[in-house]
Amino acid sequence: MEVTLLSSFLDLPDGEWLFKCLTDSFVSKNKDVESFLKTKAVQSSKLSTSATYLVRSNESIDLLGYFTLALKMLSIKSCDLSSAQNKVIRRFGSLDAEMESYRIPAVLLAQFGKNFAASSASISGKYLMDSALQCIKTIFSLSSGKTVFLECEPYEKLICFYERCGFSLLGNISFSKDKKELVQMFRFM
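Keep in mind that what you see is a predicted model, and the values were worked out from it rather than measured. (Residues numbered from 1 in each chain as written. Predicted model: local features only at pLDDT ≥ 70, side-chain atom pairs only at ≥ 80, totals over all residues. Heavy atoms only, no water.)

Novice: How would you explain the overall build of the protein chain if you had to name every residue and give the values?
Specialist: Along the backbone of the protein chain there are six helices and eight strands. Ordering the α and β elements of the protein chain from the N terminus gives β-α-α-α-β-β-α-β-β-α-β-α-β-β. Taking 189 residues into account, the globule formula puts the C-alpha radius of gyration at 16 Å, and the protein chain, at 17 Å, falls close to it. For the protein chain, the spread of C-alpha atoms along the principal axes amounts to about 50 × 35 × 30 Å. The buried share of the protein chain, taken over its 189 residues, is 45%. (Helix = DSSP H or I, 4+ residues; strand = E, 2+ residues; numbered from the N terminus. Rg over C-alpha atoms; globule rule 2.2 N^0.38 Å. Buried < 20%, exposed > 50% of the residue type's maximum accessible area, 1.4 Å probe, protein only.)

Here it is, written out as structure tokens:
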């Protein structure tokens, strides 16, 4: 399998057209994840607001999955952290004593989805997550940092998957643009 940065894909002659052909057959169980890939990923890449990575099969043009990363500030309440986590986070963030929380720069795993189309080869969520975490490790090795976070709908199966991948729930709840409740999860690399 091959992980390709969308921006380098777009540099190819007819790159946008090729990308559209590649994503036409992409189907996700989460329509927001599917919609982002098909309608917003190219623009976000061009504006450098996020970086989308395409996970493709070496044998075919099949898009197996994708993930999108962005740099954001994360707010973590100090009471949500163990003493060991507090010690780590103090190196990267600043404590807002009034709010009793740390603000730290972090990588947001903004989109994450595999292709559920019947015509697509199967890829495990674990493999897709390992690919995303490897890219994040590279980002940290080229700059600095240690924290990655994500926001997801509060479904037990989804939360359990992310916990198996090393993420921990935060007490933070946010809402998507269409008013869906989201929970935040984080991990140190």
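Novice: Provide a residue-level description of helix α4 (residues 83-90), including the pertinent values.
Specialist: One turn of an α-helix holds 3.6 residues; hence residues three or four places apart share an orientation. Residues N86, V88 and I89 constitute the buried set of α4. Looking down the long axis of α4, one finds its buried residues gathered within 165° of arc, a one-sided arrangement. Residues of α4 that are exposed and point over 90 degrees away from its buried face: S83, A84, K87 and R90. On the buried face of α4, the contacting elements are β3 (63-77), β5 (101-114) and β8 (181-188). (Arc of directions from axis to C-beta. Contact = heavy atoms within 4.5 Å.)

Novice: Residues and numbers for the nonpolar core, please.
Specialist: Within the largest apolar cluster, 26 residues are counted, with the highest numbers of intra-cluster contacts made by F67, L69, L109, F112, M129, Y162 and F167. Secondary structure elements with two or more residues in this core: β2 (51-56), β3, β5, α5 (125-142), β6 (147-152), α6 (156-164) and β8. Looking at this core element by element, the count peaks at seven residues for α5. Ignoring any residue separated from it by four or fewer positions in sequence, one finds F67 in contact with V3, A51, T52, Y53, V55, L109, Q111, F112, L128, S131, A132 and C135. (Core = buried A, V, L, I, M, F, W, Y, C linked by side-chain atoms within 4.5 Å.)

Novice: Break down the side chain of Q111 for me, with residues and values.
Specialist: The residue Q111 is located in strand β5 in this model. Setting aside residues no more than four positions away along its own chain, Q111 makes contact with D32, V33, F36, Y66, F67 and T68.

Novice: Residues and numbers for the pattern of salt bridges, please.
Specialist: When their charged atoms lie close together, side chains carrying opposite charge are able to pair. This model, assessed by the stated rule, comprises eight salt bridges. Between D32 and K180 there is a salt bridge, with its nearest N and O atoms 3.1 Å apart. In this pair, D32 is assigned in helix α3 (residues 31-47) and K180 in the loop between β7 (168-175) and β8, connecting sequence segments 148 residues apart. What you see here is one network of salt bridges that share partners, running through K31, E34 and K38. (Salt bridge = Lys/Arg side-chain N within 4 Å of Asp/Glu carboxyl O.)

Novice: Requested: an account of the packing of aromatic side chains, with residues and values cited.
Specialist: Applying the stated rule across the entire model yields seven aromatic pairs. Plain terms: the ring middles of Y162 and F167 are 6.1 Å apart, the flat faces sit at 70° to each other, and that makes the pair edge-to-face. Each member of the pair, Y162 as well as F167, carries the same accessibility label: buried. Through a chain of ring-to-ring contacts, the aromatic side chains of F112, F161, Y162 and F167 assemble into a single cluster. (Phe/Tyr/Trp six-rings, centres within 6.5 Å; stacked < 30°, edge-to-face > 60°.)

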